[in-house]
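# Commentary on secondary and tertiary structure
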Amino acid sequence: MSFSRDEWPGAKTWLSSPVIWRRMFSDIPSDYFGLNYDPSHFVLQSMDPLSCLREFRSKLFHVHAKDMQVRQDRLNEVGAFAFPKEWHTPRIPGFGDIDWAQIHGNAL
């Protein structure tokens, strides 16, 4: 997901948390309705990217292998409400803050 300066925070989606997903799947009970899971979005929100995997693994239709590194020194300087790339860096999987072995083990 790419944020332009006029879209932060929120960008083009509001389906960003397990509480919303539960409601979504309750309101639209279909085997053909699922998630595009991106663990980096959880890191961006200061959420545990593993917290929802066991509950929603049957609804994972697509997974983005995108890592992220939170730059705590910059976050301390600009705060979480600053434009994201002020305090985080997109990374190749395995070079950021996400534990990909845990993602794999919990998604299967």
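For the structure, see preceding data.
## Some thoughts on unusual backbone geometry
Backbone geometry at Ser46 places phi at a positive 60 degrees, although glycine is not the residue there. Examined against the element boundaries, Ser46 turns out to sit in the loop between helix H2 (39-44) and helix H3 (53-56). You can call Ser46 exposed: its relative accessible area is 70%.

## Here we look at the nonpolar core
Core analysis: the largest hydrophobic core is formed by 18 residues, its most contacted members being Trp21, Phe25, Leu35, Tyr37, Cys52 and Phe56. For this core, the secondary-structure elements that each account for two or more residues are helix H1 (18-27), strand S1 (35-37), H2 and H3. Those residues in contact with Phe56 that lie beyond four places of it in its chain are Pro18, Trp21, Arg22, Phe25 and Leu35.

## Side note on the packing of aromatic side chains
Applying the stated rule across the entire model yields five aromatic pairs. Ring geometry for Trp21 against Phe56: centres 5.2 Å apart, planes inclined by 85 degrees, an arrangement best described as edge-to-face. Remark: Phe56 occurs in helix H3 and Trp21 occurs in helix H1; sequence separation between them is 35 residues. Its relative accessible area of 5% is what places Trp21 among the buried residues. Given a relative accessible area of 5%, Phe56 falls into the buried group. Geometrically, the ring pair formed by Phe25 and Phe56 is tilted, given 6.2 Å between the ring centres and 40 degrees between the ring planes.

Definitions and cut-offs
- Residues numbered from 1 in each chain as written.
- Predicted model: local features only at pLDDT ≥ 70, side-chain atom pairs only at ≥ 80, totals over all residues.
- Heavy atoms only, no water.
- Helix = DSSP H or I, 4+ residues; strand = E, 2+ residues; numbered from the N terminus.
- Buried < 20%, exposed > 50% of the residue type's maximum accessible area, 1.4 Å probe, protein only.
- Core = buried A, V, L, I, M, F, W, Y, C linked by side-chain atoms within 4.5 Å.
- Contact = heavy atoms within 4.5 Å.
- Phe/Tyr/Trp six-rings, centres within 6.5 Å; stacked < 30°, edge-to-face > 60°.

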